[in-house]
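Analysis of the macromolecular model
For reference, the chains in residue letters:
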Amino acid sequence: MTWGELEPGRTLFDLGRPGRRGLRLPEPDVDTRPLEELIPEELLRSEEEAPRLPEVSQIELVRHYTDLSLVNYGVDTGVYPLGSCTMKYNPRVNEEVARLPQFAHAHPLQGEELSQGILRLMYELGELLKKIAGLSAITLQPAAGAHGEFVGMLLIKRYFEDHGELPKRRKILLPDSAHGTNPASAHIAGFEVVEIPSDERGMVDLRKLKEHLDGSVAGIMLTVPNTLGIFEEDILQITKLVHEVGGFCYFDGANLNSILGRARPGDFGVDIVHFNLHKTFSTPHGGGGPGSGPVAVCEALAPYLPVPIVRRRDDGSFSLDYDLPKSLGRVHSFYGNFGVMVRAYTYIRMLGDEGLRAVSEAAVLNANYLKEKLKGVYRLPYDRLCKHEFVLSGKGLHPEVRTVDIAKRLIDYGFHPPTVYFPLIVPEALMIEPTETVMKEELDALADAFSKIAEEAKESPEVLKEAPHTTIVGRLDDVKAARQPVLTYPFEG
Amino acid sequence: MGTREGGSLRRSEFIPHTPQDVEEMLRAVGLQSVDDLFQDIPREILDRYEPLGLDPLSELEAKRLLTQIAEENLDPRRFVSFLGAGVYDHDIPSVVSYFMTRSEFFTSYTPYQAEASQGTLTWMFEYQTMVCELTGMDVANASMYDGGSALAEAMLMAHNLTGRRKFLVAESVHPHYRRVIRTYAWAADLELASVPYDDQGQLDKGFVAENVDEETGGLLMQTPNFFGVLEDLRNLKDALGKGLLCVSAHPIALGIVKPPGAFGADIVVGEGQVLGNPSAFGGPLLGLFACRKEHMRRMPGRISGRTTDAQGRVGYIMTLQAREQHIRRAKATSNICTNQALCAFAATLFLGLLGKRGLRELAALIAQKAHYLARRIEEELGWPRRWKGPFFNEFAVETPVPPREILPRLRERGFLGGVDLEPFGHPNALLIAVTERRTRAELDGFVEALKEVTRSR
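Bear in mind the structure is a predicted one, so any value in this text is a computation, not a measurement.

Cut-offs used in this document
- Per chain, residues are indexed from 1 in the order of the written sequence.
- Key to labels: chains lettered from A, ligands numbered from 1, both in the order written.
- Whole-chain, interface and lining totals are the exception, using all residues; otherwise, since this is a predicted model, local features are given only for residues with pLDDT of at least 70 and side-chain atom pairs are given and counted only at 80 or more.
- The split into domains, and so the bounds of each, comes from an automatic or database assignment of domains.
- Our contact criterion uses C-beta atoms placed from the backbone: two residues qualify when those atoms are within 7 Å.
- Strands are runs of DSSP state E lasting at least 2 residues, helices are runs of H or I lasting at least 4, and numbering of each runs from the N terminus.
- Three classes are used: nonpolar for Ala, Val, Leu, Ile, Met, Phe, Trp, Tyr, Cys and Pro, charged for Asp, Glu, Lys and Arg, and polar for all others, with Gly counted as polar.
- Residue burial here comes from a neighbour count, namely the number of other C-beta atoms, placed from the backbone, that lie within 10 Å of the residue's own C-beta, with 20 or more meaning buried, 12 or fewer meaning exposed, and in between meaning partly exposed.
- Strands qualify as paired when DSSP identifies two bridges or more between them.
- Only the stretch in contact is used when fitting a helix axis, every axis being a line fitted to C-alpha atoms; angles between N-to-C directions are given from 0 to 180 degrees.
- Throughout this description, the term nonpolar core refers to a group of buried Ala, Val, Leu, Ile, Met, Phe, Trp, Tyr and Cys residues whose C-beta atoms join them within 7 Å.
- The arc under discussion is defined with respect to the helix axis, by the directions toward the C-beta atoms.
- These descriptions rest on fixed angle ranges, namely under 35 degrees for roughly parallel, over 145 for roughly antiparallel, 65 to 115 for roughly perpendicular, and the rest for oblique.
- Helix crossings are classified by the rotation of the near helix relative to the far one: an anticlockwise turn of less than a right angle makes the crossing left-handed, while a clockwise turn makes it right-handed.

Residue and element names in this part refer to chain B. According to the domain assignment, chain B consists of domain 1 (1-73), domain 2 (76-90 + 355-455) and domain 3 (94-350). On a C-alpha basis, the centroid separation for the pair domain 2 and domain 3 is 28 Å. Facing 24 residues of domain 2, the contacting portion of domain 3 comprises 24 residues. Broken down by element, the side of domain 2 that touches domain 3 gets its largest block of residues, seven residues, from helix H12 (residues 341-381). A breakdown of the residues in the side of domain 2 that touches domain 3 according to their chemical character gives 16 nonpolar, four polar and four charged.

Set out below in structure tokens:
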């Protein structure tokens, strides 16, 4: 890793001087009028009130962001084992095809007949995702996983409203190992969240689940394999029990990478699945987005999907169907993150059936291999076959060493740290997901780094407490950031 | 299938494992075959699996296929576009496109580990500053999904802040946004009332004043609105009492138009696609979101904040995370996690390149060109503007024939003539958007083409 010579904290606002510019515009070629003749004066912004944007030359700007790129860790930099985020390699071919002008510069209202290829791609992606889910209908509209969860919750709500059961169906059940977005999504959809504890196997406690099962249950949200990386062995029983009281089963697709080509959520008895195209299907995470969160559903929920739906007409042409009278409406300004869909579609087509299966095999093999190498070195609270990820605890190395110290020290060894302090049911959690695109040599090197850090923790814990040492800034003060928030550039005067 | 005898993986360019790797690794974990890795999945589930029936494609084949699919669409390079209604055909500076391909940025994720993510966190901080400067607000987040969901989230935030359940929504807001707002309102059990617009195309302030009551959580509006008309924000904040003024604004317009913050707006959102992002058939887009300082702890989304390390060096870190779903779970201000970060980075680059003067010049250039075209259409074709209020980049004209009859013929002449408003409830109205990309020759050519297609009916 090369860390740049950037001055810590420098922003674009610290550069340049009045009069510089990074881009020149064409001179007006039409007859111009004073702005006050075009727009009423009371609405006009004076020059003194102009937004204080930087005034930098193009090369200054390019150097600034090149410097910043060198202090940013991406998948291309090295191993990025961020649990539940599936930081796999982002194929470059995806980037190239997504930038084809007919995709990148298509206008959402250019009309169906001028968008047949786009609609075909969306339709075919939907068909493939339905097959992967083992379900019969789909929307591609949600812009991210949590957006998909929200849609999933609204579909349940819409169903019960339509069937006159909404007032009593108010509960959504969630295992305590669930992603934070799950309870938040259920809550903003107006449901009451009931947490189900995990048992000593790290799975849903069936006895506790049964205590909550009654006619007030609207559904359950499950992540399979769960956030401990463990496959819910009782999944068929769980979905059956929830169905028996009339509830729906929601599958959080964040961990789908681990069962690709081998098992379909629909066969678990699941009614709703959201996908994270930016995790499972290799589209870039972009520093936090954009993602895409399509939602596949069973037949009973299909009438409530957001509009429009992409359909294939009998003559083989494609259309946008708005005729869903029971639809929950829209959740996006247009049709979702089409640019992300192009990448995911390309990836699935390149993999084919063989490739999909190879993905889950290599992902699960990598996780188990790394787990095996680390389990004598770190505490492994749930020691069993894992799927694509596993969770260690940072406890027990040294009384003063916490998981955050281990994570920060990993950066010094050239690795991005795992997800930390999640799931909440493991104290000092380190949630590790290598993904299938990591090589054995890299896993060995990562395991070595973890082992060295464990030794350092015992012999010289201060090295960990003061980590990272190799980055442009040392460990940043998060308490100060929250107590005295500075969220915009402090202009002088 | 992927597994051959002996459990080796088929090699793919994206999966680095050799058969020897697989064998050594399986041995290390004490398993015989890759199938054993899945022995915890109930047999009946595995047995039910059905393949997609999809052969793998090489990169060459995939590129050929995707190019073929792309060619089934209109080639935007062959048309002069006047399409808008929320997504616009602006030029994307080369520097912006270049940095979209810097993998240190696009292959990273949410900057959970600040010290290894100073690149992302720094541009987030810059972006937040720029959004505040544009909107006249105090704090901004690092992005929402799009303009529509950002306005809906503004409503949820206003509801959380005021505890009130009734919201006024201007009917001049983009119909798609209103549909998103309806969905979110239904989810949160909020009540909506529509604010009509006058013949200027501006929302009826009298109606707002008359319909605000103790239950009103706020007003949701947009400027320029769906019809391209700039709303007059004066006195609206006062009319709302304790309700919050939530405004969706066009970020480029804010180069020359007074920001909502100057009129007391509480939450300002917007569609940021126009800031360096391609139209991409309507997504990814970029939801701008900003608010007043006193409300920042109820704001949804990621926020980058400035802090220091032990040596006093300045750096950036995600902050105020107690608002967020991964900490607060069901009590979070929003469920948003993954957002539109890379699009926000594009916006940062775009605004950084233009700078203080450049943004004003761009906004003025667009306004000049749009007004030039509107004037020529009115003078030479006699088509009046459908709504007479002031506008920035987009305006609706009354057409003598339904737009659906002339749009195909304009296309034959190389023009995407605008958005037909008939499906939105306004027959014989055409919404025309102009950007800096349109040259005078194109604008003049468009006027001539309009003459031809109406004359030759």
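Once that is clear, we can look at the domain arrangement of chain A. Splitting chain A by domain gives domain 1 (12-69), domain 2 (94-349) and domain 3 (360-480). For domain 1 of chain A and domain 3 of chain A, the distance between their C-alpha centres works out to 46 Å.

This paragraph deals with the pairing of strand S5 (residues 216-223) of chain B. Residue and element names in this part refer to chain B. Counting buried positions along S5 yields eight of eight residues, so the element is predominantly enclosed. Bridge count for strand S3 (residues 166-170) against S5 is four bridges, and the pairing is parallel. Residue pairing in the sheet places valine 169 in a bridge with leucine 220 of S5. Here S5 runs beside strand S6 (residues 244-249); their pairing, made up of six bridges, is parallel. If you follow leucine 220 over to S6, its bridge partner there is cysteine 246.

All names here are of chain A. An order of S1-S7-S6-S5-S4-S2-S3 is seen for the seven strands of this open sheet, with the pairing classed as mixed. Every interior strand has two partners, whereas the edge strands, strand S1 (137-139) and strand S3 (192-196), have only one. Each strand axis lies, on average, 20 degrees off the axis of its neighbour in the sheet, ignoring direction. Bridge count between strand S2 (residues 171-175) and strand S4 (residues 217-223): three bridges; the pairing is parallel. Note that in S4 the partner of leucine 173 across the bridge is isoleucine 220. Lying on the sheet, helix H6 (residues 145-162) is in contact with S1, S2, S4, strand S5 (248-252), strand S6 (272-274) and strand S7 (295-297); it crosses S6 at an angle near 160 degrees.

Met341(A), Met155(B), Leu220(B) and Cys246(B) are the most contacted members of the largest nonpolar core, which totals 317 residues. Here the element with the most residues in this core is H12(B); it accounts for 23 residues. When neighbours within four sequence positions are excluded, Met341(A) is seen to be in contact with Leu121(A), Met122(A), Leu125(A), Leu140(A), Leu277(A) and Ser292(A).

In this assembly, 170 residues from chain B lie in contact with 167 residues from chain A. Take the side of chain B that touches chain A: its biggest share by element is 24 residues, from H12(B). Split by residue class, the side of chain B that touches chain A holds 90 nonpolar, 47 polar and 33 charged.

Among the secondary structure elements, Leu285(B) is positioned in the loop between strand S7 (267-271) and strand S8 (287-291). Assessed through the 33 C-beta atoms surrounding it within 10 Å, Leu285(B) is described here as buried. As for Leu285(B) and Gln273(B), which are separated by twelve residues in sequence, their C-alpha atoms are 5.1 Å apart. When neighbours within four sequence positions are excluded, Leu285(B) is seen to be in contact with Ser333(A), Asp146(B), Gly147(B), Glu271(B), Gln273(B), Gln340(B) and Cys343(B).

Buried residues of helix H1 (residues 19-29) of chain B: Asp21(B), Val22(B), Met25(B) and Leu26(B), and no others. Along the axis of H1(B), the buried positions cluster into a sector of 125 degrees, meaning they face one direction only. In H1(B), the exposed positions that point more than 90 degrees away from the buried face belong to Gln20(B), Glu24(B) and Arg27(B). In this fold, the buried residues of H1(B) make contact with helix H10 (338-374) and helix H12 (440-459) of chain A.

Turning to the packing of H6(A) against helix H7 (residues 181-188) of chain A, a few remarks are in order. Residues and elements named next belong to chain A. Interaxial distance between H6 and H7 falls to 9 Å at its minimum, and their mutual angle equals 45 degrees. The orientation of H6 relative to H7 falls into the category oblique. Crossing of H6 against H7: the hand is right-handed. Contacts from Gly145, Ala146, Glu149, Phe150 and Met153 in H6 reach Thr181, Asn182, Ser185, Ala186 and Ile188 in H7. Classifying every residue of the contact of H6 with H7 by side-chain character gives five nonpolar, four polar and one charged.

Let's shift gears to the sheet that holds strand S14 (residues 429-433) of chain B. Residue and element names in this part refer to chain B. Taken in spatial order, the three strands of this open sheet run S11-S14-S13, and their pairing is antiparallel. Every interior strand has two partners, whereas the edge strands, strand S11 (394-398) and strand S13 (419-420), have only one. Pairing analysis gives two bridges linking S13 to S14, with the strands arranged antiparallel. In the strand pairing of S14, aspartate 420 is matched with leucine 430.

On to the environment of Leu320(A), then. All names here are of chain A. Following the sequence through the fold, leucine 320 ends up in strand S9 (residues 318-321). On the basis of neighbour counts, which here come to 16 C-beta atoms within 10 Å, the residue leucine 320 falls in the partly exposed class. Dropping the residues within four chain positions of it, leucine 320 is found in contact with Glu112, Pro308 and Val310.

Glancing now at the environment of Ser143(B). Residue and element names in this part refer to chain B. Note on placement: serine 143 falls in the loop between strand S2 (139-140) and helix H7 (147-162). Classification of serine 143 as buried rests on a count of 32 C-beta atoms within 10 Å. Along the backbone, serine 143 and leucine 285 are 142 residues apart, and their C-alpha atoms lie at a distance of 9.9 Å.

In this section: the pairing of S7(B). Residues and elements named next belong to chain B. With five of its five residues buried, S7 lies for the most part within the structure. Where burial is concerned, the two faces of S7 agree: the one with Ile267, Val269 and Glu271 and the one with Val268 and Gly270 are both buried. Bridge count for S6 against S7 is three bridges, and the pairing is parallel. Across the sheet, residue valine 247 finds its bridge partner in S7, namely valine 268. Pairing analysis gives five bridges linking S7 to S8, with the strands arranged antiparallel. Pairing of valine 268 across the sheet is with alanine 290, part of S8.

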